[in-house]
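Here is what each chain is made of, one letter per residue.
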Amino acid sequence: MTSTLPGSPATGERRDLELAIGGMTCASCAMRIERKLNRLDGVTASVNYATEKAKVSFPAGLDPATLVEQVEAAGYTATLPRAEAPESEKDTDDPARSLRQRLTGSVVLSVPVVVLAMVPALQFTYWQWISLTLAAPVVGWAAWPFHKAALTNLRHGAATMDTLVSLGTLAAFAWSLYALLFGTAGVPGMTHPFELTIERISGDGAIYLEVAAGVTTFILAGRYFEARSKRRAGAALRALLELGAKDVAVLRDGREERVPVEQLAVGAEFVVRPGEKIATDGVVVDGSSAVDASLLTGESVPVEVGPGDAVTGATVNSGGRLVVRATRVGADTQLAQMAKLVEEAQTGKAAVQRLADRIAGVFVPVVIALAIGTLAFWLGAGGTVSAAFTAAVAVLIIACPCALGLATPTALLVGTGRGAQLGILIKGPEVLESTRRVDTVVLDKTGTVTTGRMALTAVHPADGADAEEVLRLAGALEHASEHPVAKAIAAGARERVGELPPVEGFTNVEGLGVQGIVDGKAVLAGRAALLADWGQHLSPELAEAKAAAERQGRTAIVVGWDGEARAVLVVADTVKPTSAEAVRQLRGLGLTPVLLTGDNEDAAKAVAAEVGIERVIAEVLPRDKVDVVRRLQDEGKVVAMVGDGVNDAAALAQADLGLAMGTGADVAIEASDLTLVRGDLRVAADAIRLSRRTLRTIKGNLFWAFAYNVAALPLAAAGLLNPMIAGAAMAFSSVFVVSNSLRLRGFRAATPSS
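As a convention, each chain's residues are numbered from 1 in the sequence order in which they are written. Only residues with pLDDT of 70 or above have their local features reported here, since the model is predicted, and side-chain atom pairs are shown and tallied only from 80 upward, although totals for entire chains, interfaces and linings are computed over all residues. In computing side-chain properties, one takes all heavy atoms of the structure into account and sets aside hydrogens as well as water.

Naming follows an unreviewed UniProt entry, where the chain appears as Cation-transporting P-type ATPase B of Amycolatopsis sacchari. UniProt positions are given in the numbering used here, feature names are shortened, and annotations may be inferred rather than shown by experiment. Per UniProt, the comment on the chain under Subcellular location (unreviewed entry) is "Cell membrane". Here the chain is described in UniProt, under the heading Sequence similarities (unreviewed entry), as follows: "Belongs to the cation transport ATPase (P-type) (TC 3.A.3) family. Type IB subfamily."

1. With respect to the environment of Ala 650
Assignment of secondary structure puts Ala 650 in helix α24 (residues 649-654). Relative accessibility thresholds used throughout: buried, under 20% of the residue-type maximum; exposed, over 50%; partly exposed, between the two (1.4 Å probe, protein chains only). For Ala 650, a relative accessible area of 8% translates into the label buried. Along the sequence, Ala 650 and Ala 671 sit 21 residues apart, while their C-alpha atoms lie 7.3 Å from each other. Helix numbering and strand numbering both begin at the N terminus, where a helix is a DSSP run of H or I of at least 4 residues and a strand a DSSP run of E of at least 2.

2. Focus on the sheet that holds strand β15 (residues 424-426)
One open sheet accounts for seven strands, arranged β15-β27-β26-β25-β16-β23-β24; its pairing is mixed. The open sheet has two edge strands with one neighbour each: β15 and β24 (615-617). This sheet shows a mean twist of 20 degrees between the axes of neighbouring strands, independent of strand direction. One requirement defines pairing of two strands: DSSP has to find at least two bridges between them. One ladder, built from three bridges, connects strand β26 (residues 657-661) with strand β27 (residues 674-676); its direction is parallel. To get an axis, a line is fitted to the C-alpha atoms, and for a helix only the part in contact is used. The angle between two axes follows their N-to-C directions and goes from 0 to 180 degrees.

3. With respect to a nonpolar patch on the surface
Nonpolar side chains (Val, Leu, Ile, Met, Phe, Trp, Tyr) are joined into patches within 5 Å and like charges within 9 Å, using only residues with over 30% relative accessible area and no salt bridge. Exposure was quantified through the Shrake-Rupley algorithm and a 1.4 Å probe, taking into account, for residues, occlusion by the shown protein chains and nothing else. Any carboxyl oxygen of Asp or Glu that lies within 4 Å of a side-chain nitrogen of Lys or Arg is treated as forming a salt bridge with it. Together, Val 107, Val 111, Val 115, Val 119 and Leu 122 line one region of the surface with nonpolar side chains, adding up to about 350 Å² of accessible area. Its place among the elements puts Val 119 in the loop between α4 (95-118) and α5 (127-142).

4. Some words on the nonpolar core
Counting 53 residues, the largest nonpolar core has Phe 173, Ile 207, Tyr 208, Leu 209, Phe 363 and Ile 397 as the members making the most contacts within it. Within the residue set of this core, elements represented by two or more residues are α4, α5, α7 (161-182), α8 (209-230), α12 (355-380), α13 (385-399) and α26 (682-717). In this analysis, two residues are considered to be in contact whenever any of their non-hydrogen atoms come within 4.5 Å of each other. Not counting residues up to four positions away in its chain, the partners in contact with Ile 397 are Gly 168, Ala 171, Ala 172, Tyr 208 and Val 211. Judged by nonpolar contacts, the second largest core, of 45 residues, contains Val 438, Leu 595, Leu 690 and Leu 695. We call a set of buried Ala, Val, Leu, Ile, Met, Phe, Trp, Tyr and Cys residues a nonpolar core when their side-chain atoms join them within 4.5 Å.

5. Quick word on the packing of aromatic side chains
Centres within 6.5 Å are what make two rings of Phe, Tyr or Trp a pair, Trp counting through its six-membered ring; a difference in plane orientation under 30 degrees is then read as stacked, over 60 as edge-to-face, and the rest as tilted. Evaluated as defined, the whole model comprises four aromatic pairs. Centroid distance Phe 703 to Trp 704: 5.2 Å. Interplanar angle 80 degrees. Geometry classified as edge-to-face. Relative to Phe 736, the ring of Trp 704 lies with its centre 5.2 Å away and its plane at 55 degrees, an arrangement referred to as tilted. Linking Trp 704 in helix α26 with Phe 736 in helix α27 (residues 723-742), this pair joins segments that are 32 residues apart in sequence. Looking at Phe 736, the relative accessible area reads 26%, which means it is partly exposed. Pairwise contacts between aromatic rings join Trp 175, Tyr 178 and Phe 182 into one cluster.

6. A closer look at the pairing of strand β6 (residues 247-252)
For β6 and strand β7 (residues 255-260), the ladder comprises six bridges, and the chain directions are antiparallel. Bridge assignment links Val 250 to a residue of β7, and that residue is Glu 257. Adjacent in sequence and paired antiparallel, β6 and β7 are bridged by two residues, among which Asp 253 carries a positive phi angle near 55 degrees. In this structure, β6 lies alongside strand β8 (residues 269-272), joined through two bridges in antiparallel fashion. Following the sheet pairing, Val 250 is matched in β8 by Phe 270.

7. Observations concerning the environment of Phe 173
Within the element layout of this structure, Phe 173 appears in helix α7. Judged by relative accessible area, which is 16%, Phe 173 ranks as buried. Phe 173 sits 38 residues away from Val 211 along the chain, and the two C-alpha atoms are 8.5 Å apart.

8. A look at unusual backbone geometry
A positive phi angle, close to 50 degrees, is found at Asp 519, a residue other than glycine. Along the polypeptide, Asp 519 turns up in the loop between β19 (513-518) and β20 (521-526).

9. Considering the UniProt feature "transmembrane region" (unreviewed entry) in the chain
The UniProt feature table records "transmembrane region" (unreviewed entry) at residues 103-120, 126-144, 164-185, 205-225, 359-381, 387-414, 701-718 and 724-742. Between the C-alpha atoms that bound residues 103-120 the distance is 27 Å, and the span itself is 89% helix and 0% strand. Between the end C-alpha atoms of residues 126-144 there is a gap of 27 Å, over a span that is 89% helix and 0% strand.

10. Quick word on the pattern of salt bridges
Scanning all chains against the criterion turns up 20 salt bridges. Its salt-bridge partner being Arg 472, residue Asp 519 comes within 2.6 Å of it at the nearest N-O pair. Residue Asp 519 is located in the loop between β19 and β20, and its partner Arg 472 is located in helix α17 (residues 467-479); the two are separated by 47 residues in the primary sequence. Between Lys 625 and Asp 648 there is a salt bridge, with its nearest N and O atoms 2.9 Å apart. In this pair, Lys 625 is assigned in helix α23 (residues 625-634) and Asp 648 in the loop between β25 (639-643) and α24, connecting sequence segments 23 residues apart.

11. Some thoughts on the sheet that holds strand β17 (residues 450-461)
The strand order across the open sheet built from six strands is β17-β22-β21-β20-β19-β18, with neighbouring strands paired in antiparallel fashion. The strands lining the two open edges of the sheet, one partner per strand, are β17 and β18 (503-509). In this sheet, adjacent strand axes meet at a mean angle of 20 degrees when their direction is disregarded. Sheet analysis places β19 next to β20, joined by six bridges and oriented antiparallel. Counterpart to Val 518 in the pairing with β20 is Lys 521. Most of the contacts of helix α20 (residues 540-551) go to strand β22 (residues 564-575), to which it runs at about 20 degrees, and overall it touches β17, β21 (555-561) and β22.

And the structure:
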C-alpha cells in the first residue's frame, strides 16, 4: 500500500511504502537491511524481522524500484505491494512447510547415523559408508538454509549462528569424507571403539558424520518451531477483517436485495435487523435501537441510536429494525482503520535479537582464529601437515554446539506446555525478552478488570416501598424487553426473588423505557422523563440515588406505579472478584498499573479505587489507545498491555508485551504476545513470572550449550580429540539442556485456579 503524505518544504511530498522482505535469518539481517535503506537520501526505513516487512518513507520523486534494488544489493529479496494473494497461493508460500520437510528428512536420515556412531556393537562392515550415504543429504539439502545464510553473512563481514552451524557441519563432513577416501577410515571393519580416553589419534582414521547430521537436525528443529510462531504475525489482521458482515440487505426501489458487502457503495441504504451486524459505517435513516458496540469500543453499555445518529460497521444491532445510509465503505471504515493501526503497530515493534546470534557474533571469529592458530602452531612446531589439519579441523568441529538448537525450543516447549496447563499461551521466544524489562502494565477496564457484562448492582427503594416487590414487578416488565440493561435487571430480579409474574400490554416507549401491566399494576421503568410524563416525580432521596449512580458512570433506571416513583435500580459493569488481588500481584512483580478506558472518568476512577490503581486514563477513543501506549513508551516506560476487545488490538500490538484475555475477541488474541485463557486477571501475573523463568532457563541452556564445547576446545587444539569425545560433548550438552528445561514443569501459579 502507498499513500502520499505532505512533506516538509525541504523534502517536498513523501510517500509511504511497505516492502515484503525475504531471506532474513535473524534480527541482525533486519538491521543490515535497515541501514542499507537509510543510506539513501531522504529515506527512513524500519525493518521487522518477525513480520518480514520493511516500512519505508521516501521522497515522492524516488522510484520504489530503487528501494528494491538497495535491498537486493544487501543480499536479500524485496517485493513491492500487490493485490492480496489467493488462499491457495498463500498456502504454498509457507516457510514453515519447507522447514518441516527438511526437518522430517533430516530426522529419518540422522537417527541411524548417530546410533551407528555411538554404539560400536552395531558397527557392521562398511557401516561408515552407509553413514556417509545417509549424512550427505542432511548436510547438503537439509542444512542448505544455514549454508546460504552463512554465505550472505560472509559477504557483509558478519558472523551469526548460521555461520557457526555451517562451518561446523561442513568441517565435520569434509574431514570425514577425506578420512574415508584418502585415509584409513574407509577400510573394511573400521570401528569407533567406545572410549573417552584423551590420546593423540590418527586424524585420517576418524569420521564425525554423526556430529554433522545431529547438529543439523537439532538446529532445524529449533528453526521450525520459531517459524511456526512467526507465521501468526498476520493472523491478527485476518481475524480483524473477518469481524465485519459478509453480506447486506440493500434497499433498491423499496425492495430488499441481499448482496455481498463488497458491492455496498457510499450513499446506499441498507436494512439491519435485530441481532445482525451493521455492514459498514453509516447514519441511521429510519428506526431506533440499542447498538452493542462493545466489540469495537469496549464499552459495556449499549448505545441508543435513532434517525441522524452515526453507527459503526461490525457493531451489533441489539433491538429494533434500522435503515442505515452508508457513509464510508471498504478501506475507509473504522474497522479497516483499526486493522491498519494493528498492522502499523506490529511492523513498528522492535524485534529482539536472538541471544544465540549475539553470542555467535563473538564466538565464531574466536573459533576461526583459534583454528588458524592451531594450524600455524602445529606446522611451526614441526608436526606433519596431516596432524596440523586434523587439529585445526577438530577445533571447528567441536565448536559447533549441537545443544544450541535445543536451548530455546526445549525450554519454550516445556514452558509453553506448563503455561497451557495454567491457562497461559506464549507465542514465541521473542515474547520472553520483553517480560524481563516490563515496568508498566496498562489494564483495559471493560472485560479485563471488570466482567464486561451489565448486572444489577443496587436497589434504592423510596420510603414505604418494598425492595422485593420493586424487583418482582420491574423484573417481570423488563423480562419482556430485549435491551441489554433490561436483561440485567430481569436476571438480577430472578436471582433475588425467584420466578417473575407475567406481563400484559407491554409497550416499548422509544428512547425512554418500557411500560406494561404486572399483577394489575401499571408499571413504568426507564428514564425519569418517562415517569414525569405520567406525573410520577422523584423524591429528593431517589433523585440523589440516581445522581450518585450516574456520577460513578453507572446506569440508573427509575421504576414507578400507582402514580408514584417507587425506586431507582442501578445497573453497571461489575469488577471481577479477583482483580484487586491481581493488581497486588502485578505490583509485587515491580510493575506500575495504569487503568485505560473509553468510559467516563467518574466510572473509571470508581473502578480504579476498588482494585487499588492510582493512575487512570479515561474517555479514550478506540483508535487513540495505541497513542496512549506510545506516549508511555516515549516517557521511557517498557509497557505491557492487558486487553480483550477489538479496540485493544492495535495497543496490544504496539505494547512491548501484549496480553489478551482469552475470553475476548479473536483479533485481540492474535495481536497479543501472551493469551490468558481464563478471564482471571491474576493469570497475567503468573504469565509474566512464567515467561521470566523460561527466559532464565533459555539463557542457562545457551551458556551450557557453549560451555561443554568450549571445555573440549583445548583437547581439539592439542590434537587429542577423538570421535567419542566429540559425540559425548554433543550428547551431554543436549541431555543437560533438555533436563534443565524440564525443571519448568515444576512452576506453580501464585493463586491456584478455582
